[in-house]
Amino acid sequence: MTTTTTQVNPVLRTPPASPAAAAAFFSASLAFHADVSDVASVLAASAADGTDPGFVVLDSRSTASWDQGHVPGAIHLPTALIPEQAEQLLDRSVPVVTYCWGPGCNGATRAALALAERGFQVKEMLGGFEYWVREGFAYETWEGPAEKAADPLTAPVGADDCGC
């Protein structure tokens, strides 16, 4: 007698959501998140043609982290200071895109929550400052402008975007 062992496919152990549920989930995700490449391309285009990007970028890290490097044009507002300073630095009619160090840090999420609780429209920039630098976008430090070559594991070589 032979015994057949049925191995459970770990990918499908929990079946995929229905297409309608998946569409609702991914649509909601896009309402809460922006990626580094999209933020960078809109900021570059608005700087080139003098238009308003339609959002403001907020760095929620410490002053030491900000000095080490930050997105050009970002507003520096550490998460702990949002309750007392957000009203003076931000306009509720302008969406805010928060970032922190990177995907291993939830500081941008905490900052986004603090802003949303105070009535601001907000998105979190996926990848944070780490992926801003890794994708080869220019940044500012306390010493001035800086830029590093794009990491080929995070950005396409020889192309402006990944085509997604």
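Report follows, based on the coordinates.

**Concerning the pattern of salt bridges**
Point 1. Under the counting rule described, the total for this entry stands at 5 salt bridges.
Point 2. The salt bridge partner of Arg 92 is Glu 87, with a shortest N-O separation of 2.4 Å.
Point 3. With relative accessibility at 44%, the residue Glu 87 sits in the partly exposed group.
Point 4. The residue Glu 130 makes a salt bridge to Arg 134 at a minimum N-O spacing of 3.2 Å. Linking Glu 130 with Arg 134, this pair stays in helix H6 (residues 128–134), spanning 4 residues, or about one helical turn.

**Quick word on helix H2 (residues 36–49)**
Point 1. With 14 residues, H2 extends 20 Å between its outermost C-alpha atoms, agreeing within 8% with the 20 Å of an ideal straight helix rising 1.5 Å per residue.
Point 2. All of the buried residues in H2 are Val 36, Val 39, Ala 40, Leu 43 and Ser 46. Projected down its long axis, H2 shows its buried positions confined to an angular sector of 135 degrees, all on one face. Exposed and facing more than 90 degrees away from the buried side of H2 are Ala 48 and Asp 49.
Point 3. Of the surrounding elements, those touching the buried residues of H2 are strand E1 (33–35), strand E2 (56–59), strand E4 (96–99), strand E5 (122–126) and H6.
Point 4. Of the residues trailing H2, Gly 50 is marked for its positive phi of about 75 degrees.

**Thoughts on the environment of Thr 154**
Point 1. Tracing the chain through its elements places Thr 154 in the segment after strand E7 (144–146).
Point 2. A sequence separation of 14 residues divides Thr 154 from Glu 140, and the C-alpha atoms of the two residues are 20 Å apart.
Point 3. Sequence-distant contacts of Thr 154, defined by excluding residues within four places in its chain, comprise Tyr 131, Arg 134 and Glu 135.
Point 4. Of the polar contacts made by the side chain of Thr 154, one reaches the backbone oxygen of Arg 134; its length is 3.1 Å.

**A short note on the packing of aromatic side chains**
Point 1. A full pass over the atoms with the stated rule returns 5 aromatic pairs.
Point 2. Here the aromatic rings of Trp 101 and Phe 129 are separated by 6.1 Å at their centres, their planes lie at 70 degrees, and the arrangement is edge-to-face. With Trp 101 in the loop between E4 and helix H5 (107–117) and Phe 129 in helix H6, the pair connects residues that are 28 residues apart, well separated along the chain.
Point 3. Using a relative accessible area of 33% as the deciding quantity, one classes Trp 101 as partly exposed.
Point 4. Arranged with centres 5.5 Å apart and planes meeting at 90 degrees, the rings of Phe 129 and Tyr 139 form a pair that is edge-to-face. Of the two residues, Phe 129 sits in helix H6 while Tyr 139 sits in strand E6 (residues 139–141), which places them 10 residues apart along the sequence.
Point 5. For Phe 129, a relative accessible area of 6% translates into the label buried.
Point 6. By relative accessible area, Tyr 139 is classed as buried at 9%.
Point 7. Three or more aromatic residues joined by ring pairs form one cluster here, namely Tyr 99, Trp 101, Phe 129 and Tyr 139.
Point 8. Over the face of the ring belonging to Tyr 131 we find Arg 134, whose NZ or CZ atom lies 4.9 Å from the ring centre.

The rules behind these values
- Residues numbered from 1 in each chain as written.
- Predicted model: local features only at pLDDT ≥ 70, side-chain atom pairs only at ≥ 80, totals over all residues.
- Heavy atoms only, no water.
- Salt bridge = Lys/Arg side-chain N within 4 Å of Asp/Glu carboxyl O.
- Buried < 20%, exposed > 50% of the residue type's maximum accessible area, 1.4 Å probe, protein only.
- Helix = DSSP H or I, 4+ residues; strand = E, 2+ residues; numbered from the N terminus.
- Expected span 1.5 Å × (residues − 1).
- Arc of directions from axis to C-beta.
- Contact = heavy atoms within 4.5 Å.
- Polar contact = N/O pair within 3.5 Å; in protein donor to acceptor, adjacent residues only side chain to side chain.
- Phe/Tyr/Trp six-rings, centres within 6.5 Å; stacked < 30°, edge-to-face > 60°.
- Lys NZ or Arg CZ within 6 Å of the ring centre and 35° of its normal.

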